[in-house]
Amino acid sequence: MLKRILLLVTALLLAGPLLAQSKSPLPIEGKTSLFQRVLIRERIEARAEPESESPGKALSPLQVFFVYDRNGDWMQIGATDQGDDLMWVPQAATVDWNQNIVATLEGSDNVGRVLFFNDIDPIYDIIESENPADLAADARDEALSAEQGGDPSETVIALGPRETIDQRQNLYVMPILSTEEAVFDIGPFVNLLQVAVASANAPNPPAAPNGQAAGDLKTGVVFVVDTTISMEPYIRATRDALQEVYREAASSDAADAVSFALVGYRDSLQAAPDLGYEVKTFVDLQQGLDVENFLAGIDQMQEAKASSKNFREDSYRGIEHALQDMDWSDFGSRFIVLVTDAGPREFDDEYSSTGLSAESLNRLIRERIGGAMAVMHLRTARGAKDHPSAEAAYKQLTAFPNSAPLYFPIENGDPAIYKDTARQLGQFVAQQASSYRGSDGDALLDEDAIVNEAEGGLFSGLNTASRTMQLAYLGRTEGAQAPDLFEAYVADRDFDRTGLKPLSIRLLISKADLSNLEEALRIIVDQAERNVVNPDQFFTQVLGVAADMSRRPDQVSRQSDPSLAEAVALDEYLADLPYKSQIMAITEDDWVRLPISEQQTIVNGLYDKIERYRRYNESTDQWVDYLGAGPQAGNLLYPMLLDDLP
């Protein structure tokens, strides 16, 4: 017994210093689960103690640290929330940054280069004027002159790049330090952002994909074709149209620059077992560089012999297959083209195999491959009742930043009109590729070449999408970098075309935070489904499950009418973001008053978010150490758009 006591005392003595060193970061004022954090302003050397003369670890601008203590003009910081490797720095060398909110440059061919101002007042001068475009043009001219060696501008610190920065190959973040909402004198609301730009660019530009140079751009187009009953004429029309495109491309600079791949889809075999397959690749992107491979593949494509369950089909299954199972790595410009006469099975359809909405699938295409989605909707007389809902879904599916949806209705489902439209689309893409090859991309950087979709044309939106992807490719191959500055002010709308946004606002979310979001939403949807006929029990059940999962139930239970966010302990996380959620603000009284149909709509929307989060978690190449905290898994972050929050 004495030996055991001695061992226990020894263990406690050894553990004592370790326990004493265990320390938590300071909470944000008024919060219990969120900690204070700061950005480093300038290159400094940390100290072991305040005002110590012995230099310590060298810190770089815009590194992020948790705050553990404040002592006069000094603060104690650490890179993690675990209380290890703590150090002291002057408070003047830091700036508060308590949320992982950043602005990113939304690459688009039809907006001008972003203007970074030294103060907020010049932005107000522009947006409150009768001619904001003229004043912005003057400021941009001054900045361009300074960029080329002239006198520095009095108001503009820097211009954003004309190319698009690839976040995965050439990292940058623009932490948002403060925001103001204003309104154009002649137009919409605009967010004015104070940002810091953190650039983690290597001294040399990153290698282009597979050693390609700026002029080596290849374009990949995957046709996802409905192969159910009645689609045989369109399968043959696709063959004839693209054979002509291949023939024309063979005599141009696009001879080896464009690939047409082919995916066929039908519908859920659970709904209709006799369909044969749900989705199938007939030609992949590597095979599609050769016309003979394409023709051999499409000759194997036949319409189904059996009928689907109903008129709608699982087109999203075919699209996700093209997104995930194709090797896009050799292609800098990426399109998926759906050909169908039927509306999709949305995420709330019992036979949807993806569980995704049009918005979620569109987001995945843009975030995962940086591509664009187009739909050729065969509006046959047989599907007349389906047309309105199908059109709404496909317009949402084909939305592209700062552009019109890439939705092409084929009236009456005429095979001849479809063939002509498919041929024109293929020719347009091939001509874009040929034009890029011929210029090595130089023409893209001309400010005067900005696309104005108002000028019209069947493929104006496709032109914007194509040139935007070309700019992104140029940025990757030439190593486009964010402007080298620390703090500046920007507007999130284009001054020339105030309906367009050159910036997007994102939340750098950790895997732990994403898991917490998903878990909280699952609590809500599970209990909502269990209490459909007893909505007055819904909040009680949510609180009970949250209590079992240790989500601060003691604090929530003291509130008279908690919101959904409070019930699942997301309120602190969402409160200070520049984002307002109508769903998470719902209280028990609100919920009981809602019709069952509206309750189910809310639940379906949360299911869609959960499915989206699951795919974000699987996108391993997009989890990056954006803040330079180290390559450990806990430091990897995903740049999630604020609209993805519940």
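Being a predicted model, the structure only gives us computed values, none of them experimental. (Residues numbered from 1 in each chain as written. Predicted model: local features only at pLDDT ≥ 70, side-chain atom pairs only at ≥ 80, totals over all residues. Heavy atoms only, no water.)

## Examining the confidence of the model for the protein chain
Thought 1: Chain-level statistics for the protein chain give a pLDDT mean of 80 and a share of 81% at 70 or above.
Thought 2: Mean pLDDT across the elements of the protein chain ranges from a minimum in helix 1 (residues 2–21), with 40, to a maximum in strand 16 (residues 279–283), with 96.
Thought 3: Counting contacts from residues 199–209, a segment whose pLDDT is below 50, to residues more than four positions away or on other chains yields 20 contacts.
Thought 4: Under a pLDDT of 50 for its full length, residues 481–485 has, in the predicted model, 19 contacts with residues more than four places off or in other chains. (pLDDT = per-residue confidence, 0-100. Helix = DSSP H or I, 4+ residues; strand = E, 2+ residues; numbered from the N terminus. Contact = heavy atoms within 4.5 Å.)

## A closer look at the pattern of salt bridges
Pairing between side chains of opposite charge can happen when their charged atoms approach one another.
Thought 1: This model, assessed by the stated rule, comprises 25 salt bridges.
Thought 2: Here glutamate 278 makes a salt bridge to arginine 317, at a shortest N to O gap of 3.8 Å. With glutamate 278 in the loop between strand 15 (258–265) and strand 16 and arginine 317 in helix 6 (residues 315–325), the pair connects residues that are 39 residues apart, well separated along the chain.
Thought 3: Classification of arginine 317 by relative accessible area gives partly exposed; the value is 26%.
Thought 4: For arginine 614, the salt bridge identified is with glutamate 618, shortest N-O distance 2.9 Å. Of this pair, arginine 614 and glutamate 618 both sit in helix 17 (residues 596–618), four residues apart, which is roughly one turn of the helix. (Salt bridge = Lys/Arg side-chain N within 4 Å of Asp/Glu carboxyl O. Buried < 20%, exposed > 50% of the residue type's maximum accessible area, 1.4 Å probe, protein only.)

## What about a negative patch on the surface?
Thought 1: Taken together, Asp119, Asp121, Asp125, Glu128, Glu130 and Asp185 make up a surface patch of like negative charges.
Thought 2: Take aspartate 119: it is sitting in the loop between strand 9 (115–117) and helix 2 (121–127). (Patch = residues over 30% accessible without salt bridge, like charges linked within 9 Å, V, L, I, M, F, W, Y side chains within 5 Å. Areas by Shrake-Rupley, 256 points an atom, 1.4 Å probe, with all protein chains shown as cover. Lys, Arg positive; Asp, Glu negative; His and termini not counted. Charge placed at Lys NZ, Arg CZ, Asp CG, Glu CD.)

## Comments concerning the sheet that holds strand 16
Thought 1: Strand order across the open sheet formed by six strands is 16-15-14-17-18-19, with mixed pairing between neighbours. The open sheet has two edge strands with one neighbour each: strand 16 and strand 19 (407–411). Mean inter-strand twist for the sheet, computed between neighbouring axes without regard to direction, equals 20°.
Thought 2: Strand direction decides the pairing type here: strand 14 (residues 219–226) and strand 15, joined by eight bridges, are parallel. When the sheet's bridge partners are listed, glycine 220 is paired in strand 15 with serine 259.
Thought 3: Those strands touched by helix 8 (residues 387–397) are strand 17 (333–340), strand 18 (372–379) and strand 19, and its axis lies near 165° from that of strand 18. (Pairing = 2+ DSSP bridges. Axes fitted to C-alpha atoms, helices over the stretch in contact; angles between N-to-C directions.)

## Here we look at the packing of aromatic side chains
Thought 1: This model, assessed by the stated rule, comprises 10 aromatic pairs.
Thought 2: Arranged with centres 4.6 Å apart and planes meeting at 25°, the rings of tyrosine 616 and tyrosine 638 form a pair that is stacked. Here tyrosine 616 is found in helix 17, whereas its partner tyrosine 638 is found in strand 22 (residues 637–641), with 22 residues between them in sequence. Each member of the pair tyrosine 616 and tyrosine 638 is classed as buried.
Thought 3: When the ring centre of tryptophan 97 is taken as reference, the NZ or CZ atom of arginine 37 above it lies at 5.6 Å.
Thought 4: Just above the ring of tryptophan 623 sits the side chain of lysine 511; from NZ or CZ to the centre is 4.9 Å. (Phe/Tyr/Trp six-rings, centres within 6.5 Å; stacked < 30°, edge-to-face > 60°. Lys NZ or Arg CZ within 6 Å of the ring centre and 35° of its normal.)

## Re the side chain of glutamate 320
Thought 1: Structurally, the position occupied by glutamate 320 is in helix 6.
Thought 2: Judged by its relative accessible area of 6%, glutamate 320 falls in the buried class.
Thought 3: Excluding residues within four positions of it along the chain, glutamate 320 makes contact with Thr354, Leu356 and Arg615.

## Details of helix 11 (residues 511–530)
Thought 1: Between its first and last C-alpha atoms helix 11 spans 28 Å; for 20 residues at 1.5 Å apiece the expected length is 28 Å, and the two agree.
Thought 2: All buried positions along helix 11 are accounted for by Leu514, Leu517, Glu518, Ala520, Leu521, Ile523, Ile524, Val525, Gln527 and Ala528. (Expected span 1.5 Å × (residues − 1).)

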